[in-house]
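# Fold and geometry: a report
Each chain, letter by letter, is given below.
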Amino acid sequence: MKQFEDYLPKILKTYDGVIDLQDPHIGDFTGDGIDDVAIYWDIAPEGGNAIIGQGLSLYQNNGHKVKVIAGYEPDYLFAFDTIKNGKIIVEKLEYTEEDGRCCPSIKTKHSLTIKGNKAY
């Protein structure tokens, strides 16, 4: 969490907002048998409750230290689901015409792949 806190000012500057959610999840997504850390975050405008940015910051744990290896900031609304079988699972969220802004009803699960410093 310390590494994320150190990087957070850059995220906030990119989105010009405030941190609304900072939720760590633990599980092995690098396939080395050691639990890694995925921090799911979202940014809201100051004084508002809309999501103006969201993403995952992914940290690999080698058993001695934790280092950032990738980020995930898609151009669509998503929710973190789980880390399972060496994969990070997210849900892409979409709205039907009848959905309220609070509650997208179309949810499609995606398994992320890490390449370089990005997750897809």
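Procedures and definitions
Residues numbered from 1 in each chain as written. Predicted model: local features only at pLDDT ≥ 70, side-chain atom pairs only at ≥ 80, totals over all residues. Heavy atoms only, no water. Salt bridge = Lys/Arg side-chain N within 4 Å of Asp/Glu carboxyl O. Helix = DSSP H or I, 4+ residues; strand = E, 2+ residues; numbered from the N terminus. Buried < 20%, exposed > 50% of the residue type's maximum accessible area, 1.4 Å probe, protein only.

### Description of the pattern of salt bridges
Tallied over the full model, the rule gives 2 salt bridges. We note a salt bridge from Asp6 to Lys2, for which the minimum N-O separation is 2.7 Å. Remark: Lys2 and Asp6 occur in helix H1 (residues 2–15); sequence separation between them is 4 residues, near one turn of the helix. The pair formed by Asp6 and Lys2 is uniform in burial state, with each residue classed as exposed.

### Comments concerning unusual backbone geometry
Unlike most non-glycine residues, Asp16 shows phi in positive territory, near 55°. Among the structural elements, Asp16 can be located in the loop between H1 and strand E1 (18–27). On the basis of relative accessibility, which here comes to 66%, the residue Asp16 falls in the exposed class. Even without glycine at this site, Asn85 takes up a positive phi of about 55°. Structurally, Asn85 is set in the loop between strand E5 (78–84) and strand E6 (87–94). The class of Asn85 is exposed, set by a relative accessible area of 72%.

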